[in-house]
Amino acid sequence: MPFSNQLIDILIPADRAVLEAATYFTLEACCDYGDNVGLAFVEDASYFAIHAGMAHRPDQRMMLIADSLTEALDQLELVRIARPDAGLWFSSMEVLAKIEHPNLARGVVLARGSADPDDDEDDWSIMAAHIAECEASGQPLDMSVNASDVISTIADRLV
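Bear in mind the structure is a predicted one, so any value in this text is a computation, not a measurement.

## Side note on helix α5 (residues 123-137)
So, step 1. Taking 1.5 Å as the rise per residue, α5 with 15 residues should run 21 Å; its terminal C-alpha atoms sit 21 Å apart, in good agreement.
So, step 2. Among the residues making up α5, those that are buried are Trp124, Ser125, Met127, Ala128, His130, Ile131 and Cys134.
So, step 3. Buried residues belonging to α5 abut α3 (69-82), α4 (104-113), α6 (149-153) and α7 (155-158).
So, step 4. One or two residues past the end of α5 sits Gly138, with phi positive at roughly 75°.

So this is what it looks like as structure tokens:
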């Protein structure tokens, strides 16, 4: 079975139509607040959701849900394979930014790090700057630069 069909097979028919109609997808850090769900700081996210965005229609919220950033990146990769022309975004309490890197894990770190790129105490900004420096110089990433527990969960995808 083709890889992109794996995603289509797990979606109900209504969601399949949404997948095909969407012009962008947003990976969002979420947290349950009792009776409602809200945007979360990445480090505090209890799960991640992928929303499908369509022109001239409200987003299809919570099209896919993942318990971890690793699982969410797996799902987003399937979405990207199924819809390579659609835009990809990352959303958290800190930032809403486009994912513009071919490596989704690096793209998420760069997107989150863009919230305050000059903050030399923000783990995401530090790692984003390190990724940019290593890519510009052709050097491999040094994961000892990372101090974020969440980034550590996707470290194997960054190198």
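That covers the picture; the talk isn't over yet.
## What to know about the packing of α4 against α5
So, step 1. Where α4 meets α5, the closest approach of the two axes is 8 Å, and the angle between their N-to-C directions is 125°. Taken together, α4 and α5 sit at an angle that is classed as oblique. As for how α4 packs across α5, the hand of that crossing is left-handed. Within the contact between the two elements, α4 uses Arg106, Val108, Val109, Leu110, Arg112 and Gly113 and α5 uses Trp124, Ser125, Met127, Ala128, Ile131 and Glu135.

## Things to note about the pairing of strand β5 (residues 87-91)
So, step 1. Among the five residues that make up β5, four are buried, leaving the element largely enclosed by the rest of the structure.
So, step 2. Here strand β1 (residues 24-33) runs beside β5; their pairing, made up of five bridges, is parallel. Pairing of Phe25 across the sheet is with Leu88, part of β5.
So, step 3. Bridge count for β5 against strand β6 (residues 96-98) is three bridges, and the pairing is antiparallel. Each residue of the ladder has a partner; that of Ser91, found in β6, is Leu96.
So, step 4. Count of turn residues in the β5/β6 antiparallel hairpin: four residues.

## Notes on the nonpolar core
So, step 1. Counting residues in each nonpolar core, the largest one holds 42 residues, and the members touching the most others are Phe25, Leu27, Leu76 and Val109.
So, step 2. Non-local contacts of Leu76, meaning those with residues more than four positions away in its chain, are made with Phe25, Leu27, Ile50, Leu88, Ile99 and Leu104.

## Here we look at the pairing of strand β2 (residues 36-39)
So, step 1. In this structure, β1 lies alongside β2, joined through four bridges in antiparallel fashion. Paired with Cys30 across the two strands is Leu39, which belongs to β2.
So, step 2. Remark: two residues form the turn of the hairpin made by β1 and β2, two consecutive strands paired antiparallel; Gly34 in that turn has positive phi of roughly 70°.

## A few points about the pattern of salt bridges
So, step 1. As enumerated under the stated definition, the model contains seven salt bridges in all.
So, step 2. A salt bridge links Arg112 to Glu94; its shortest N-O distance comes to 3.6 Å. Of this pair, Arg112 sits in helix α4 while Glu94 sits in the loop between β5 and β6, and the two are 18 residues apart along the sequence.
So, step 3. Judged by relative accessible area, which is 25%, Glu94 ranks as partly exposed.
So, step 4. Three or more residues are tied together by salt bridges with common partners; here these are Glu94, Arg112 and Asp122.

Thresholds, definitions, all that
- Residues numbered from 1 in each chain as written.
- Predicted model: local features only at pLDDT ≥ 70, side-chain atom pairs only at ≥ 80, totals over all residues.
- Heavy atoms only, no water.
- Helix = DSSP H or I, 4+ residues; strand = E, 2+ residues; numbered from the N terminus.
- Expected span 1.5 Å × (residues − 1).
- Buried < 20%, exposed > 50% of the residue type's maximum accessible area, 1.4 Å probe, protein only.
- Contact = heavy atoms within 4.5 Å.
- Axes fitted to C-alpha atoms, helices over the stretch in contact; angles between N-to-C directions.
- Parallel < 35°, antiparallel > 145°, perpendicular 65-115°, else oblique.
- Left-handed = near helix turned anticlockwise from the far one by under 90°.
- Pairing = 2+ DSSP bridges.
- Core = buried A, V, L, I, M, F, W, Y, C linked by side-chain atoms within 4.5 Å.
- Salt bridge = Lys/Arg side-chain N within 4 Å of Asp/Glu carboxyl O.

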